[in-house]
Every structure is written in C-alpha cells, then in structure tokens.
Amino acid sequence: GTINKRNYLMPSKHSSVVGGSSAARKINCPGADLLLAQLPEVTNRDSFFSLEGTVLHTLMERLITGKLKIGALPVAMIEKGTEIRITPELIHDAIAPAWAYWQDFLQKIDTWQLETEVEFPGIPGAFGTADVIGRDDRDNITYVTDWKFGSGEAVKAVYPDGDDLFAEIVNEQLMFYACGARHTQPEFFPPGCRVILTIVQPRARGQDPITWCEVTLEEMDEFEVLLRHAMKMKDPPTKKGRWCRFQACQTICPHHAGPLLDLSALHNTP
C-alpha cells in the first residue's frame, strides 16, 4: 500500500530559525545571521523562477496522486497572481524527466509520503518540508528525495570538501530533511536501515539530472550535533563558500567585500 500524506499548511512557509534551504549557511557560516541582521529588512518578493518551481512541485504532486495525467496537463497555472505557462518545452525539460524518475522509484519502494512537514530535533522552531520519503521494506532502505526544478547551476547531493581533497560533504538541505524525517516519522527509519538521499534536477546544467548518496544513521547523528552546535555559538565565525550564493550579506561580508581601499590613507600621503 501507499501512504499519501499532504500537509497544505507548511510548504509555503519557511522556518525563521533554520530550515532546509538555510541549513548549509547555518552550519558553514554561523556568523552570517549577525551580518544579515545589520542589513535593512527586505520584503521577500517571489521571483518568476520561484513561482515556476512551486507550480512544477504542485504538478508533480498532482501527477503522483492521480489528480492529473501526464498527457493532459493544464496549459497554465496561476501562482500568487502570476500565470505560469505549462509549455511543451517545460513538460519535456522538467516534468517528463521527474515523472520518469518517479515511475522507476515506485518499482523500488513499498510506501511513500509527499510534502511531509518535518521538525529538526533539538532546535525549537526548526522545520522544513521533505518532498518525498520512501521505504523499501524488503531491503530496509529509506529514501529521501528533493525535487529541484530550477535551470542553470546544478544542486548536487554531495559536494567536494573545500578543506579536504579526499572528502565530500553531503548536501545539507537533504541531511536536514533526513534528520527531520527520522525525528518526525520514526517508522520510516527502522533500526539498521540504509538511507539514500537524492536530488532530482531535470534542468541541471552540465551534470547528471539525478545525483544521490548514501548516508549512515551515525552520520545523521553527527549532522544533528553539528547544526545544534552552530546554532548555539556565542561568537560565531564567518566563512566563504558555496552557501554564500544569493545571500544579501555578501555586500557587507569581509570575505566578499575584502579590505576596501582606505581613502583616508591617500589623503595623508605627502
């Protein structure tokens, strides 16, 4: 049988404490929050691309739950007052590959859940929404999958460790969802289970649209400790890296702005 649980309240919200999308920044650059607090508050306006991504997530959820058929998708959908056209190109490039992944995925799993609200253990107010959780009971494998419908720069399941040439770092967003899912839905994580984390990004540029990795329950334990520690630091450091992308604090970050030319020094020159 299949579990199909959809919580309609949470996906549009983000935790103000820490969520999947902010986990990498919180762990790797815990001092970023202090920089962000110095900036004027900006009204968060949804870009066309984020609205398109929301529509594609919704289409996948409706396809999976049988509310829509792949051959009869709407020509457009309205998201927050903006019309998003469901063009043949969009179906070919984004929806069809994700649907193909799902068809293959169904052959591996016994139960699944969509859009599960998960709470991260030990950090009050930390939550996120896991796109897909699946269970293969026979082989005792738990899958956590995240849809990424953006085009352009790829999001990967694992990244090279900038500090260690021989190590890799698991995508912190996936780890956040996996740890949250284990805490919130423990029945999906029985003793000794293997855990496979996957990013499905059909329009990723220059790489495989599906990247995945396997993590141990012990590695998940370590991630939980790391994130909780980062959140409690009294004098949190800053660090430059891939987590800086799209962050407003780059404008005042010493790692990005660098030592700016000291104009007063020029005036004192004889």
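For the structure, check the block above.
Quick look at the structure, then. The structure displayed is predicted, hence computed values, not measured ones. Just so you know, the residues in each chain are numbered from 1, in the order the chain's sequence is written. Per-residue local features are limited, in this predicted model, to residues with pLDDT of at least 70; the limit for side-chain atom pairs, both in listing and counting, is 80 or more; totals at the level of whole chains, interfaces and linings are taken over all residues. To obtain the side-chain values, all non-hydrogen atoms of the structure were included, while hydrogens and water were left out.

Examining the packing of helix H3 (residues 48–64) against helix H4 (residues 88–108)
Then comes step 1: Interaxial angle, 0 to 180 degrees, is taken between N-to-C directions of lines fitted to C-alpha atoms, where a helix line uses only the stretch in contact. Numbering goes from the N terminus for both helices and strands, where a helix is a DSSP run of H or I of at least four residues and a strand is a run of E of at least two. Here H3 crosses H4 at 40°, and the two axes come no closer than 11 Å. Classified by the angle their axes make, H3 and H4 are oblique. Of the two elements, H3 crosses H4, and the hand of that crossing is right-handed. Contacts from Glu52, Leu56, Leu59, Met60, Leu63 and Ile64 in H3 reach Leu90, Ala94, Ile95, Ala98, Trp99 and Trp102 in H4. Just so you know how the angles are binned, under 35 degrees is roughly parallel, over 145 roughly antiparallel, 65 to 115 roughly perpendicular, and the rest oblique. Here is the rule for handedness: rotate from the far helix to the near one, and if that takes an anticlockwise turn smaller than a right angle the crossing is left-handed, while a clockwise turn gives right-handed. The contact definition used throughout considers only heavy atoms, calling two residues in contact when any of these lie within 4.5 Å.

Structural notes on empty space enclosed by the protein
Then comes step 1: Put simply, the grid is 1 Å and covers the protein atoms alone, a cavity is a trapped set of points that fit a 1.4 Å probe, a pocket is an open set with protein on both sides within 12 Å along at least five of seven lines, and lining residues have an atom within 4 Å of a point. Grid points are joined across faces, edges and corners, and a volume is the space filled by probe spheres set on the points. Under the defined criterion, the tally for this structure stands at two cavities of 30 Å³ or more.
Then comes step 2: Each pocket or cavity is described by its volume, and for the largest cavity that value is around 70 Å³.
Then comes step 3: Lining the largest cavity are Arg25, Cys29, Ala32, Thr238, Lys239, Trp243, Cys244, Gln247, Cys249, Gln250, Cys253 and His256.
Then comes step 4: Just so you know the grouping, Ala, Val, Leu, Ile, Met, Phe, Trp, Tyr, Cys and Pro go in nonpolar, Asp, Glu, Lys and Arg go in charged, and all remaining residues, Gly too, go in polar. Partitioning the lining of the largest cavity into residue classes produces six nonpolar, four polar and two charged.
Then comes step 5: Roughly 40 Å³ of volume is contained in the second largest cavity.
Then comes step 6: His57, Met60, Glu61, Ile64, Leu114, Glu115, Asp131 and Trp147 are the residues that line the second largest cavity.

Observations concerning the packing of aromatic side chains
Then comes step 1: Only the six-membered ring of Trp is used, alongside the rings of Phe and Tyr, when aromatic pairs are assigned; centres must lie within 6.5 Å, and planes under 30 degrees apart are stacked while those over 60 apart are edge-to-face, with the rest tilted. Tallying each qualifying case throughout the model produces 10 aromatic pairs.
Then comes step 2: When the ring of phenylalanine 48 is compared with that of phenylalanine 49, the centres are 5.7 Å apart and the planes differ by 80°; the resulting orientation is edge-to-face.
Then comes step 3: Given the relative accessible area of 42%, phenylalanine 48 is considered partly exposed.
Then comes step 4: Every member of this aromatic cluster is reached through a ring pair, and the members are Tyr101, Trp102, Phe105, Trp112, Tyr143, Trp147 and Phe149. The rule is simple: take the accessible area with a 1.4 Å probe, protein chains only, and divide by the maximum for that residue type; under 20% is buried, over 50% is exposed, in between is partly exposed.

Examining the packing of helix H5 (residues 172–184) against helix H6 (residues 217–232)
Then comes step 1: It is the contact of H5 with H6, at a shortest axis distance of 10 Å, that shows an interaxial angle of 105°. In terms of orientation, H5 lies roughly perpendicular with respect to H6. In this structure, H5 contributes Glu172, Met175, Phe176, Ala178, Cys179 and Arg182 to the contact, and H6 contributes Leu217, Glu219, Met220, Asp221, Phe223, Glu224 and Leu227.
Then comes step 2: A class-by-class count of the residues in the contact of H5 with H6 yields eight nonpolar, no polar and five charged.

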